[in-house]
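Here are the chains, one letter per residue:
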Amino acid sequence: MFVTATAMLPAVGSLCISRTPRGGPRFTMAVRSNVNVSVAPILTKLQKECAAPLPVLRKVADAMTADMRAGLVVDGGGELKMILSYVDALPTGNERGLFYALDLGGTNFRVLRVQLGGQEERVQATEFEQVSIPQELMRGSSEELFDFIATGLAKFAEKEAGKFHLPQGRQREIGFTFSFPVKQTSIDSGILIKWTKGFSVSGTPGKDVVACLNEAMERQGLDMRVSALVNDTVGTLAGARYWDEDVMVAVVLGTGTNACYVERMDAIPKLQGNKSPSGRTIINTEWGAFSKGLPLTEFDRDMDAASINPGEQIYEKTISGMYLGEIVQRVLLKMAEEGALFGNSVPEKLSMPFVLRTPHICAMQQDYSEDLQAVGSTLYDVAGVESSLKARKVVIEVCDTIVKRGGRLAGAGIVSILQKIDEDSNGAIFGKRTVVAMDGGLYENYTQYRRYIHEAVTELLGTEISKNVVIEHTKDGSGIGAALLASANSKFDHDY
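Residues numbered from 1 in each chain as written. Predicted model: local features only at pLDDT ≥ 70, side-chain atom pairs only at ≥ 80, totals over all residues. Heavy atoms only, no water.

Chemist: Describe the packing of aromatic side chains, with residues and values.
Modeler: In total, this model carries 11 aromatic pairs according to the counting rule given. A centroid spacing of 6.0 Å and a plane angle of 85 degrees characterise the contact between Tyr100 and Phe156, whose relative ring orientation is edge-to-face. Of this pair, Tyr100 sits in strand E2 (residues 96-104) while Phe156 is found in helix H5 (residues 142-158), placing the two residues 56 residues apart along the sequence. For the pair Tyr100 and Phe156, one class covers both residues: buried. (Phe/Tyr/Trp six-rings, centres within 6.5 Å; stacked < 30°, edge-to-face > 60°. Helix = DSSP H or I, 4+ residues; strand = E, 2+ residues; numbered from the N terminus. Buried < 20%, exposed > 50% of the residue type's maximum accessible area, 1.4 Å probe, protein only.)

Chemist: Describe unusual backbone geometry, with residues and values.
Modeler: Negative phi values dominate among residues other than glycine, just as trans dominates among peptide bonds. Located in the positive-phi region is Gln313, a residue other than glycine, with phi close to 55 degrees. Tracing the sequence through the fold places Gln313 in the loop between helix H8 (298-306) and helix H9 (314-319). Even without being glycine, Phe354 reaches a positive phi, approximately 60 degrees.

Chemist: How would you summarise helix H1 (residues 40-50) if you had to cite specific residues and measurements?
Modeler: An α-helical segment advances 3.6 residues per turn. Residues three or four places apart therefore align on the same side. Three or more residues of H1 are buried, namely Ile42, Leu43, Leu46 and Cys50. The arc enclosing the buried residues of H1, seen along the axis, measures out at 95 degrees, which places them on a common side. Of the exposed residues in H1, the ones pointing more than 90 degrees away from its buried face are Pro41, Thr44 and Lys48. If you follow the buried residues of H1, they end up packed against H8, helix H10 (321-339) and helix H13 (389-424). (Arc of directions from axis to C-beta. Contact = heavy atoms within 4.5 Å.)

Chemist: If you had to explain the sheet that holds strand E12 (residues 434-439) to someone new, which residues and values would you point to?
Modeler: Strand order in the open sheet made by the 6 strands is E1-E11-E10-E9-E12-E13, with mixed pairing throughout. The open sheet terminates on both sides in strands that have one partner only, identified here as strand E1 (83-84) and strand E13 (469-473). Here E1 runs beside strand E11 (residues 280-284); their pairing, made up of 2 bridges, is antiparallel. Within E11, the position partnered with Ile83 by the bridge is Asn284. On top of the sheet, helix H7 (residues 232-243) reaches strand E9 (247-253), strand E10 (257-264), E11 and E12; it is set at about 135 degrees to E9, its chief contact. (Pairing = 2+ DSSP bridges. Axes fitted to C-alpha atoms, helices over the stretch in contact; angles between N-to-C directions.)

Chemist: Give a detailed account of the pairing of E9, specifying residues and quantitative values.
Modeler: Of all 7 residues in E9, 7 are buried; the element is thus mostly enclosed. Where E9 lies against E12, 5 bridges are found, and the strand directions are parallel. Bridge pairing links Ala250 to Ala437 in E12. Where E9 meets E10, 5 bridges bridge the pair, whose relative direction is antiparallel. Of the residues in E10, the one forming a bridge with Val251 is Ala259. Adjacent in sequence and paired antiparallel, E9 and E10 are bridged by 3 residues.

Chemist: Tell me about the sheet that holds E2, and name the residues and values.
Modeler: Pairing within the open sheet is mixed, and its 5 strands lie in the order E4-E3-E2-E5-E8. Two strands in the sheet have a free side with no partner beyond their single neighbour: strand E4 (123-132) and strand E8 (224-230). Neighbour to neighbour, the strand axes of the sheet diverge by 20 degrees on average, direction disregarded. Two strands pair when backbone bridges link them, and strand E3 (residues 108-117) and E4 are joined in this way by 9 bridges, in the antiparallel orientation. If you follow Arg110 over to E4, its bridge partner there is Gln130. With respect to the sheet, H5 is in contact with E2, E3, E4, strand E5 (172-178) and E8, its orientation differing from that of E3 by roughly 40 degrees. Against the sheet, H7 touches E3, E4, E5 and E8, its axis set at about 90 degrees to E8.

Chemist: Break down the nonpolar core for me, citing the residues and quoting the values.
Modeler: With 117 residues, the main nonpolar core has Trp287, Leu332, Met335, Phe342 and Tyr449 as its most contacted residues. Of all the elements, H13 adds the most residues to this core, at 16 residues. Counting residues in each nonpolar core, the second largest holds 38 residues, with Leu145, Ala154, Phe199 and Val209 among its members. (Core = buried A, V, L, I, M, F, W, Y, C linked by side-chain atoms within 4.5 Å.)

Chemist: Before we move on, could you go through the side chain of Asp300 and cite the residues and values that matter?
Modeler: Looking at where Asp300 falls in the secondary structure, it is placed in helix H8. Accessibility expressed as a relative area gives 6% for Asp300, which makes it buried.

Chemist: Lay out the environment of Ala410 in plain terms, naming residues and giving numbers.
Modeler: As for its position among the elements, Ala410 is in helix H13. With 366 residues separating them in the primary sequence, Ala410 and Thr44 have C-alpha atoms 23 Å apart. Each residue touching Ala410, except ones within four places of it in the same chain, is listed here: Leu253, Trp287, Tyr315, Ile319, Tyr449 and Ile453.

Chemist: I'd love a proper account of the side chain of Thr434, names of residues and values included.
Modeler: Turning to its location among the elements, Thr434 is positioned in strand E12. Within the local environment of Thr434, its side chain forms a polar contact with the backbone oxygen of Ile429, the two atoms lying 3.0 Å apart. Leave out the neighbours within four places in its chain, and Thr434 touches Asp246, Met248, Leu418, Ile429, Asn468, Val469 and Val470. (Polar contact = N/O pair within 3.5 Å; in protein donor to acceptor, adjacent residues only side chain to side chain.)

What follows is the structure, given as structure tokens:
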């Protein structure tokens, strides 16, 4: 039984683990042909319970659309929080100047600077650095975490040179991408609702995260201010919209998951007054909290019960990179214990939570060799498992079952947002080109997962309508997007 909390989880890597080196096998595989692998009933039950045929997907999409509407009427009206972003002006391409961005949303944080040159030159230069966050800081105090981040940001700012230049008399401004549930109170302030993705930092929930960062920067002697607080999906949408005005939705699928979209202000009953000249804003759905109608298994329920947030973020736990590998591992553990999948003994490592990560199952699914050598290598290296070819084939079946469910459910979520916008615009969305900007390592690197998303969207919308929906990868869009929104909300006069 797993008892360790999900706070122990590593991030989904930006790349799948590589296949077996060209030099041949890294070890001699022990093939136990005398073992009776009686795992068929477990696999059959798993595939049945994870199945997400079109009727199931349609129910999930319709339920999520209804939940979105409930969340727009009143805070707490549905499972989706439907948080106001206070982003009322989308990028136009006219933005100029030097701006910074900080992206905190997983086990790493990223700092970026960009020199914007207006319509003619657009992005003149960019630089970024990524810093790993120590596990102890993910469960430490608020001051410790933000001081660590501010220190990294100060070191990065010291290296500013070359094409990057700040006009005299101006303070550096930064767009802060904070990818956790926040009750936004303005474009540059927001109260943390709760930590997710394995973070459990004390002293931050209920506080303004912008104030936490500004205070930490002051303690480090860094002359910089946060001019825009955005969610990673909001940043992704802004960054993608900078290049393509047809972008209406942004989805992040990586360690965690979320989605946002462009909404008409007159379609937000809980927004009383405060209408912007554009008449629209970006809504941060926080869709990871959705749970209605999802096909779940005993492995999902057990994993959820052992997590740091039982009963919460159920949709995220079925579709995001933080959990897919763990679900597969739990299935394989049961098969090893009850069906002798890997012989008469159960490797100890297989009983340790979050040993098998999503990049591992991604790598195994890219193995198309006859003997599935990379699958065997991964199982041995990661979990200490020696496997027969028959067992490796079962492992691939399990991986595909969990990943197919995740991809198809993610596709249903995308359709739920599109149909909500379309219903409120009298068919204006599905009748023209509409772009969904995708970011995150899971979507970028997991070929099968990505294919299952596209298949589900096509099935739900039909061939003709789906031709107008463009789902495209926007790599690192949230960083540029946050910098663009920092520009749009600068306290200094614009020179464009």
